[in-house]
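Next come the chains, spelled out residue by residue.
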2 protein chains.
Amino acid sequence: MAITPEMAKKWRARGVRILLQHDAGRAAGFPDAAYADVEFADAAAVLAQADLLACVLPPDDAALAQLRPGSVVVGQLRPHGASARIAQLVDARLTSFSLELLPRTTRAQAMDVLSSQAAVAGYRAMLIAAEASPKFFPMLTTAAGTIRPSKVLVIGAGVAGLQAIATARRLGAQTEGYDVRPETREQVESLGAKFLELGVSAAGSGGYARELSAEERAAQQQALAEHLKSIDVIVTTAAVPGRPAPKILSAAMVEGMKPGALIVDLAAEGGGNCELTQPGQRVEHAGVVILGPLNLPAGAPLHASEMYARNVFNFGELLLHDGALAPDFNDELVAKSCVSHAGEVRFTA
Amino acid sequence: MAITPEMAKKWRARGVRILLQHDAGRAAGFPDAAYADVEFADAAAVLAQADLLACVLPPDDAALAQLRPGSVVVGQLRPHGASARIAQLVDARLTSFSLELLPRTTRAQAMDVLSSQAAVAGYRAMLIAAEASPKFFPMLTTAAGTIRPSKVLVIGAGVAGLQAIATARRLGAQTEGYDVRPETREQVESLGAKFLELGVSAAGSGGYARELSAEERAAQQQALAEHLKSIDVIVTTAAVPGRPAPKILSAAMVEGMKPGALIVDLAAEGGGNCELTQPGQRVEHAGVVILGPLNLPAGAPLHASEMYARNVFNFGELLLHDGALAPDFNDELVAKSCVSHAGEVRFTA
């Protein structure tokens with residue numbers, strides 16, 4: 001939900017009139033009755049009247065066609081590889097901003113939907129892993145003897161990976177984090193996890209890893225395959241928006257793992273970090289279960305919405321001047337997140 | 001699985017020959033190849049040869065009919081209200097022991113399947129709750145603001161309840177425990193949770209609560225209803241084997257809760273602690289979701305089996321003397337857990 005009751009108040013305080021589609025927030029835990037001082041209408045009326053449309057996922061073609069030329073769309077518009085959608089935004093003369101395109105600078109943090117939604121995804125991925133694993137995560141001491149803690153490995157130490165590590169640690173698992181960017185070591189260790197050392201570094205730019213050379217990948221994979229033999233649960237989180245997810249876990253590696261081991265592939269949406277991953281499916285291979293859950297933040301809609309709605313509001317403040325929409329394209333955050341404006345494509349993949 | 005590879009070694013060391021049904025342990029994470037020095041056969045051959053049959057749940061009628069008169073059956077035989085099964089055990093002249101019937105004394109702890117399986121159930125119930133809740137359990141501080149931790153209440157502070165409390169605490173929720181037995185306060189507090197005070201005490205015997213009077217129940221329920229308005233997640237664990245689960249949460253109480261709140265009813269097998277619970281189902285009522293999961297230990301089969309198999313072995317030691325089966329009925333643990341022997345019913349409900 002792009003506007004929560006809390007954020008509706010803030011928008012109102014900026015002089016903005018709010019029109020909500022009936023029941024738009026209900027599934028996320030925000031019934032219409034929770035909103036004060038907003039108007040409700042059906043979807044068609046909302047689209048016909050909106051100067052600014054705040055959304056979570058890209059509106060469908062029919063919805064875009066109902067918006068007035070010159071209106072502004074703000075949301076996660078998934079522009080990568082979506083040339084048909086971009087063409088429609090341009091043709092409809094909409095000014096559209098995709099929050100995934102914000103540069104990852106300090107000033108952009110308060111509107112960084114990739115971070116806020118990745119935190120939810122990392123937390124939920126580890127809960128799903130703990131629930132699906134045939135083993136306990138924590139050590140358990142009972143009158144019938146001691147149960148050893150599970151060994152958990154998180155691959156990729158971005159926001160999602162770090163949240164997954166934190167959750168595994170909270171649950172009492174013996175937790176390791178791995179990332180090709182050596183500068184993540186400190187963050188992994190600060191969560192009480194061990195940083196897995198495979199002897200390959202791929203420090204990149206913009207906070208993402210660079211692609212590895214073929215030799216580097218081979219060395220990384222051999223060391224990883226050996227290590228995986230002792231692991232009970234893997235959560236993979238290596239994804240760069242708009243690019244296919246790097247294949248880190250091969251079928252051969254999975255075959256070397258213990259029966260009963262579990263992989264939760266958070267990069268399933270981009271094809272997966274494991275070559276056996278089927279997006280949205282449960283796969284069993286050589287006694288190892290591989291889950292490829294999709295749209296994980298939707299599983300914790302209330303808190304995911306609270307963070308997302310704050311991101312949208314904070315971005316909205318860049319567009320508003322004295323209660324009127326006036327995007328300043330000299331602002332890097334406005335310029336870089338713009339997909340379409342005044343009949344032109346502004347997005348470069 | 002009643003015999004794990006680790007326990008198979010221990011049985012062998014006591015001079016016992018072990019015959020396993022092919023693939024009996026596979027689903028729990030113990031493939032046949034994991035066992036050393038045991039024999040494998042099909043189910044019929046196992047039953048025809050067994051002097052002692054170790055099982056997890058009661059064998060079905062056909063299986064019981066294949067056992068030789070005088071053989072011993074050890075497992076969770078669920079004798080309460082199962083007069084037909086008891087009659088068959090007697091008619092087949094089987095000596096049967098149901099581990100749920102063990103007195104809850106210090107000496108019996110190492111074979112107490114209720115405790116070991118309740119620990120698994122409590123842990124898993126809270127994971128299911130965390131995954132199904134629309135809210136984060138932990139507090140989360142992000143650039144887009146702070147997410148408040150969930151408020152979790154666990155009703156019933158036995159082994160399952162305490163494990164549920166520990167798991168909620170690990171996950172960072174603001175956790176409360178409630179039990180009518182005031183002596184549980186210290187245990188709840190030792191896990192870092194708050195003990196919920198409703199002004200009703202029902203200290204009972206044998207470690208279980210006594211039944212409350214009508215007035216006491218009314219006072220308890222009114223105070224509870226008021227308190228529940230602020231709670232995000234409830235896990236209920238109030239169950240006494242062989243009795244219907246006490247109805248603690250009424251429909252009216254559920255209706256007073258916040259939309260998006262969640263109840264996981266661990267007592268679903270005995271009818272549930274919430275009057276809206278449907279065993280094995282998901283129910284939604286006034287915006288509150290009520291889950292009634294069944295057989296929770298089976299969801300963590302590897303560790304549940306490790307503990308269960310140790311319980312069975314420890315009990316088996318009471319029956320074995322120099323490698324031969326010779327139950328000593330003067331031993332309280334043997335006598336009290338016996339369901340049938342020498343053509344007689346030994347179990348009194």
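Criteria and thresholds
- Residues numbered from 1 in each chain as written.
- Chains lettered and ligands numbered in written order.
- Predicted model: local features only at pLDDT ≥ 70, side-chain atom pairs only at ≥ 80, totals over all residues.
- Heavy atoms only, no water.
- Least-squares fit on C-alpha atoms with pLDDT ≥ 70 in both.
- Contact = heavy atoms within 4.5 Å.
- Pairing = 2+ DSSP bridges.
- Helix = DSSP H or I, 4+ residues; strand = E, 2+ residues; numbered from the N terminus.
- Salt bridge = Lys/Arg side-chain N within 4 Å of Asp/Glu carboxyl O.
- Buried < 20%, exposed > 50% of the residue type's maximum accessible area, 1.4 Å probe, protein only.
- Axes fitted to C-alpha atoms, helices over the stretch in contact; angles between N-to-C directions.
- Parallel < 35°, antiparallel > 145°, perpendicular 65-115°, else oblique.
- Nonpolar A, V, L, I, M, F, W, Y, C, P; charged D, E, K, R; others polar.
- Polar contact = N/O pair within 3.5 Å; in protein donor to acceptor, adjacent residues only side chain to side chain.
- Domains from an automatic or database assignment.
- Right-handed = clockwise from strand over helix to strand, strands pointing away.
- Buried area = accessible area lost by both parts, 1.4 Å probe.

Asks: For this particular structure, what's the right way to read the relation of the copies chain B and chain A?
Replies: Both copies of the chain are related through a single rotation about an axis accompanied by a shift along the same axis. Superposition record for chain B on chain A: RMSD 0.0 Å, screw rotation 180°, translation along axis 0.0 Å. Such values leave the two copies arranged in the relation of a two-fold axis. Ranked by how close their C-alpha atoms come to the rotation axis, the residues of chain B are headed by arginine 170 of chain B, at 2.6 Å. A symmetric contact is evident, with 98% of the interface residues of chain B recurring at the interface of chain A.

Asks: Would you take a moment to explain the sheet that holds strand β18 (residues 344-345) of chain B for this structure?
Replies: Across a sheet, strands are paired by hydrogen bonds formed along the backbone, either parallel or antiparallel in direction. Residue and element names in this part refer to chain B. Pairing is mixed in the open sheet, where five strands are placed in the order β3-β4-β5-β17-β18. Unpaired on one side and paired on the other, β3 (52-54) and β18 mark the two borders of the sheet. For strand β17 (residues 338-341) and β18, the ladder comprises two bridges, and the chain directions are antiparallel. Residue serine 340 lies in a different strand from β18, and its bridge partner there is valine 345.

Asks: In this structure, what is going on with the environment of methionine 126 of chain A? I would like to understand it.
Replies: Residue and element names in this part refer to chain A. Here methionine 126 shows up in helix α5 (residues 113-132). Sequence separation of methionine 126 and serine 190 is 64 residues, and the distance between their C-alpha atoms is 18 Å. In this structure, methionine 126 is in contact with Phe137, Val152, Val154, Ala164, Thr167, Ala168 and Val235, ignoring residues within four places of it in sequence.

Asks: What is the right way to read the pattern of salt bridges from this model?
Replies: Opposite charge on two side chains permits pairing when their charged atoms draw close. Applying the stated rule across the entire model yields 42 salt bridges over all chains. Aspartate 232 of chain A is paired through a salt bridge with lysine 258 of chain A; the nearest N and O atoms lie 2.9 Å apart. With aspartate 232 of chain A in the loop between α8 (214-228) and β11 (233-236) and lysine 258 of chain A in the loop between α9 (251-255) and β12 (262-265), this pair connects stretches of sequence that are 26 residues apart. Overall, the relative accessible area of 7% leaves aspartate 232 of chain A in the buried class. Look at lysine 258 of chain A and you get partly exposed, because its relative accessible area is 29%. For arginine 185 of chain B, the salt bridge is made with glutamate 189 of chain B, and the minimal N-O distance between the two is 3.1 Å.

Asks: Explain the packing of helix α1 (residues 5-13) of chain B against helix α10 (residues 301-319) of chain B here, please?
Replies: All names here are of chain B. At a minimum axis distance of 9 Å, the contact between α1 and α10 shows a crossing angle of 10°. One element, α1, and the other, α10, form an angle in the roughly parallel class. Where α1 abuts α10, its residues Glu6, Met7, Lys10 and Trp11 lie against Ala309, Arg310, Val312, Phe313 and Gly316. Looking at the contact of α1 with α10, its residues break down into five nonpolar, one polar and three charged.

Asks: I keep staring at the environment of glutamate 197 of chain A and nothing clicks. Help me out?
Replies: All names here are of chain A. Within the secondary structure, glutamate 197 sits in the loop between β10 (194-195) and α8. Placed 104 residues apart in sequence, glutamate 197 and proline 301 show a C-alpha to C-alpha distance of 36 Å. Reaching out from glutamate 197, the side chain makes a polar contact with the side chain of arginine 185 at a distance of 2.3 Å.

Asks: It is not clear to me how the domain arrangement of chain A should be interpreted in this structure. Could you clarify?
Replies: Residue and element names in this part refer to chain A. Domain boundaries assigned for chain A yield domain 1 (5-101 + 301-342) and domain 2 (121-298). Each of domain 1 and domain 2 was reduced to a C-alpha centroid, and the two centroids are 34 Å apart. On the side of domain 2, five residues touch domain 1, which itself brings four residues to the contact. Here domain 1 and domain 2 share one salt bridge between them. For arginine 78, the salt bridge is made with glutamate 269, and the minimal N-O distance between the two is 3.5 Å. Linking domain 1 to domain 2 there are zero residue pairs in polar contact (both at pLDDT 80 or more). Here the side of domain 1 that touches domain 2 is built from residues that sort into two nonpolar, one polar and one charged.

Asks: Where do I start with the pairing of strand β5 (residues 95-98) of chain B in this structure?
Replies: Residues and elements named next belong to chain B. Burial of the side chains of β5 extends over both faces: Thr95 and Phe97 are buried on one face and Ser96 and Ser98 on the other. Taken together, the four bridges between strand β4 (residues 72-75) and β5 define a ladder with parallel strand orientation. Within β5, the position partnered with valine 74 by the bridge is phenylalanine 97. For the segment spanning β4, helix α4 (residues 83-91) and β5, crossover handedness is right-handed.

Asks: I would appreciate a short explanation of the interface of chain B and chain A in the present structure.
Replies: Frequently, the measure chosen for interface size is the accessible area that the parts lose on association. Counting residues at the interface gives 40 residues for chain B, matched by 40 residues for chain A. Taken over both partners, the interface formed by chain B and chain A buries close to 3,700 Å², and the fraction arising from carbon and sulfur atoms is 63%. For the interface between chain B and chain A, the tally reads two salt bridges. One salt bridge in this structure joins glutamate 131 of chain B and arginine 124 of chain A, with 3.8 Å as the shortest N-O distance. At the surface where chain B touches chain A, the tally comes to 10 residue pairs in polar contact (both at pLDDT 80 or more). Residue assignment for the side of chain B that touches chain A shows that the elements contributing at least two residues are α5 (113-132), β6 (140-142), β7 (145-147), α6 (159-170) and α10 of chain B.

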